[in-house]
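Chain residues, written in single-letter form:
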Amino acid sequence: MQARILVIAPFPALADEVRRVLDERMGKRRGLFRVVVADLVAAKDIVQREMKDSIKVIVSRGGTAGLIEETTHIPVVRIQVSLVDIMRAVLASGAGSKAKKVGVSGFENMIYGCDDLGALLRMKLVEIKIKGEAEAKEKIAHAMEDGVDLLIGDAVSVRVARAQGLAAKTIDSGRQAIFQALTEALLIARVVQQDEAKSEMLRAVVHQSQDAIIATDHEGRITIFNPEAERLVRRVRCEVIGKPLARICPALLAKPSEEDFLDLYGTKALVKTSDLPDGMTIYRVQRISEVQRTEQRIRQKLAAKGLTAKYHMEDIIGSSAPCEAMKRKAMRYALTDSTILITGASGTGKEMLVQGIHNRSGRRSGPFVAVNCAALPENLLESELFGYVDGAFTGARRGGRQGLFELAHGGTIFLDEVGEMPTSLQSRLLRVLQEHEVMKLGGESVIPVDVRIVAATNQDLARMVEEGTFRADLYYRLNILRIHMPTLAERRADIPLLARAMIVKMKKLNPAIAGIAEDAESALAAHAWPGNIRQLANVMERLMLLSDGTEITRDAVLAAWADDGEENRGNVPGSPREEDGALHGELRDVEEETVRRVLAEEGGSCSRAAKRLGIHRTTLWRKIKKRENRDNP
């Protein structure tokens, strides 16, 4: 709806003049104005009625304008009365030729400066300042006693003077002043309408917010109370607006910080407060259940992109002293944002630990991105890490691509096998660590990233620095916080715990298996385990397939080791040797079937199959070739 402007003229002549200006100068905007005649009390009554009819601005003059300003919040534009208007009224009255003593009466904002005008006209002009009709009667009567025989003034003064028998003439406003006031009113009406539209949008946002929003003024009285606040506090808006927050919800005032958890009416809530410069305070209250649902939705979206860490610190099995020391250090480091370097032999569970650190950190709601620096050639690794712009190289995807550092913004990136990173990329990684920004391949601008870097290696980086194959400055940047992963041989006490957990995890392979015999656990604990946890998982998978009955026996353990090859055999007395003809042939068949099945499940990928089997890709390749040579002599 268009803004409407109410013009209140204190006397009919002014109303006629306003209408004339509107007709001559306002064109299509003429319909935005309504003109009425009224002064003082009558004008106030009209304003009260018109406020219900979308009035945005009021235009009036003199004392009537002043009274309206005191009684309404609607903007009031005054039609200014200039000394020229007063002089025109004096001259039109014929006061100069008759040399009368002239009184100029009105509100101060209207007649200020009349003394100077009297000097210019060489006549006696008496200022009569009034503040209302009652005062006008008294002062005009006193002026008559002092010899004033003609009065020039506003509508109130003229009416009072004529009632007392004094000749009087109204001071008219010129067309230029009227046009200026009407133009200013149009401008203000437009601004008011725009502000109301913005306020309405803000009210809609506050009204539809899933958070309870409460605002107070500088006196602590409630000014905003949205529907969610009504549900939380169990009070309706009309009951609380204008009342002290201390009376309605005193718990919010006991806030120890800008963000805290409180118990409000039996509901656990997260309360955030903001203090504004004008003394206003805004309280945003979120139910913990809603916070959890929001976090769950974020996690679901990240999971859809595969950018989540599924393991937690609680998933790391082990109670041995080396394992407990490693977990304690990891839990402390998780509370910081510093770079972490994890060292240890292959197969010790470095990625599981990194995921646990991420899920225990303040970045747990952000993405988790893992990349194996040894699995990709140099040019592909660079484009994966840093991304590229459209046309950066032949075969680049149209529109470019985000790099893994960008995808990990707000979360954690895990650089596995960082010791295998080419020297040319080490300098770019160093820049990310120092400047927290990346530049895409073919790009010309830097992109700020907020990423925590956790690197892992099974190599001796310090020795590589000495040999010149790893940058010293990058090594010191990575080696801020360091965690060494103990080998399985160093935490033998955890082997029975790990074995039992793996039986539960691999239950689908052989549902009949319910446990493992003690002597079988002892045999596992006595093994050297050069392949660490990955090798143990591989052996346990074989045991689940080979074992009969309801539990894994020692004999089954000794038989399963035969499939690990000579280099991986344990040192337990009585372990079978490959020369044990029939047994070896049977185990070889089981091994080949396992390799064939895992390769099929991994879509023929030797790298993924070898990783799952706990053996090197070269070893897997040899086994495949040996089978092919035997099948095709």
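Further up the page is the structure itself.
Residues numbered from 1 in each chain as written. Predicted model: local features only at pLDDT ≥ 70, side-chain atom pairs only at ≥ 80, totals over all residues. Heavy atoms only, no water.

Trainee: How would you explain the packing of helix H15 (residues 321-334) against helix H16 (residues 350-360) if you had to name every residue and give the values?
Mentor: The axes of two packed helices give the description: the angle between them and the distance between them. At a minimum axis distance of 8 Å, the contact between H15 and H16 shows a crossing angle of 40°. If you check the angle between H15 and H16, you find them oblique. With respect to the hand of their crossing, H15 and H16 are arranged in right-handed fashion. Residue-level contacts link Met326, Ala330, Met331 and Ala334 of H15 to Leu353, Ile357 and Arg360 of H16. (Axes fitted to C-alpha atoms, helices over the stretch in contact; angles between N-to-C directions. Helix = DSSP H or I, 4+ residues; strand = E, 2+ residues; numbered from the N terminus. Parallel < 35°, antiparallel > 145°, perpendicular 65-115°, else oblique. Left-handed = near helix turned anticlockwise from the far one by under 90°. Contact = heavy atoms within 4.5 Å.)

Trainee: Let's hear about helix H4 (residues 83-92): which residues, and what values?
Mentor: The complete set of buried residues in H4 reads Asp85, Ile86, Ala89 and Val90. Down the axis of H4, the smallest arc covering the buried residues is 135°, so these residues share one side. In H4, the exposed residues that point more than 90 degrees away from the buried face are Leu91 and Ala92. In the segment just after H4, Gly94 is the residue with positive phi, at about 80°. (Buried < 20%, exposed > 50% of the residue type's maximum accessible area, 1.4 Å probe, protein only. Arc of directions from axis to C-beta.)

Trainee: Got a sec to walk through unusual backbone geometry? Specific residues and values, please.
Mentor: Of note, Arg234 is a non-glycine position whose phi angle comes to about 65°, a positive value. Looking at where Arg234 falls in the secondary structure, it is placed in the loop between helix H11 (227-233) and helix H12 (237-240). On the basis of relative accessibility, which here comes to 60%, the residue Arg234 falls in the exposed class. A positive phi is found at Asn532, a non-glycine position, where the angle reads about 60°.

Trainee: Account for the packing of aromatic side chains, naming residues and giving values.
Mentor: Evaluated as defined, the whole model comprises two aromatic pairs. Consider the rings of Phe386 and Phe405, whose centres lie 5.7 Å apart with planes at 20°: the pair is stacked. One end of the pair, Phe386, is in helix H17 (residues 378-386); the other, Phe405, is in helix H18 (residues 404-407), and 19 residues separate them in sequence. With respect to class, Phe386 is no different from Phe405; both count as buried. Note that Arg25 overlies the ring of Phe179, its terminal NZ or CZ placed 3.9 Å from the centroid. Across the ring face of Phe386, the terminal group of Arg428 is positioned such that the distance to the ring centre comes to 4.1 Å. (Phe/Tyr/Trp six-rings, centres within 6.5 Å; stacked < 30°, edge-to-face > 60°. Lys NZ or Arg CZ within 6 Å of the ring centre and 35° of its normal.)

Trainee: Lay out the pattern of salt bridges in plain terms, naming residues and giving numbers.
Mentor: When the charged atoms of two side chains with opposite charge come close together, those side chains can pair. A full pass over the atoms with the stated rule returns 26 salt bridges. Here Glu133 makes a salt bridge to Arg159, at a shortest N to O gap of 3.0 Å. One end of the pair, Glu133, is in helix H8 (residues 133-145); the other, Arg159, is in helix H9 (residues 155-163), with 26 residues separating them in the sequence. On the accessibility criterion, Glu133 (30% relative accessible area) is partly exposed. A residue is classified by how much of its surface remains accessible, and Arg159, at 36% relative accessible area, is partly exposed. With a shortest N-O distance of 2.7 Å, Glu200 and Arg203 are connected by a salt bridge. You can see Glu200 and its partner Arg203 sitting in helix H10 (residues 175-208), three residues apart, about one turn around the helix. When its relative accessible area of 46% is taken as the criterion, Glu200 is described as partly exposed. (Salt bridge = Lys/Arg side-chain N within 4 Å of Asp/Glu carboxyl O.)

Trainee: Can you break down the pairing of strand E7 (residues 150-153) residue by residue, with the values?
Mentor: Judged by which residues are buried, E7 turns out to be covered on both faces: Leu150 and Ile152 on one side and Leu151 and Gly153 on the other are all buried. Of the pairings in the sheet, the one linking strand E5 (residues 102-106) to E7 comprises four bridges and is parallel in character. By the bridge assignment for E7, Ser105 is matched with Gly153. By the bridge criterion, three bridges tie E7 to strand E8 (residues 168-170) in an arrangement that is parallel. Bridge pairing links Gly153 to Thr170 in E8. (Pairing = 2+ DSSP bridges.)

Trainee: Can you break down the sheet that holds E8 residue by residue, with the values?
Mentor: Strand order across the open sheet formed by four strands is E6-E5-E7-E8, with parallel pairing between neighbours. Each edge of the sheet is formed by a strand with only one pairing partner; in this case those strands are strand E6 (125-129) and E8. The average undirected angle you get between the axes of adjacent strands in this sheet is 25°. Here H4 sits on the sheet and contacts E5, E7 and E8; the angle it forms with E8, its principal contact strand, is near 140°.

Purely geometric stuff here, so don't read any function into it on its own.
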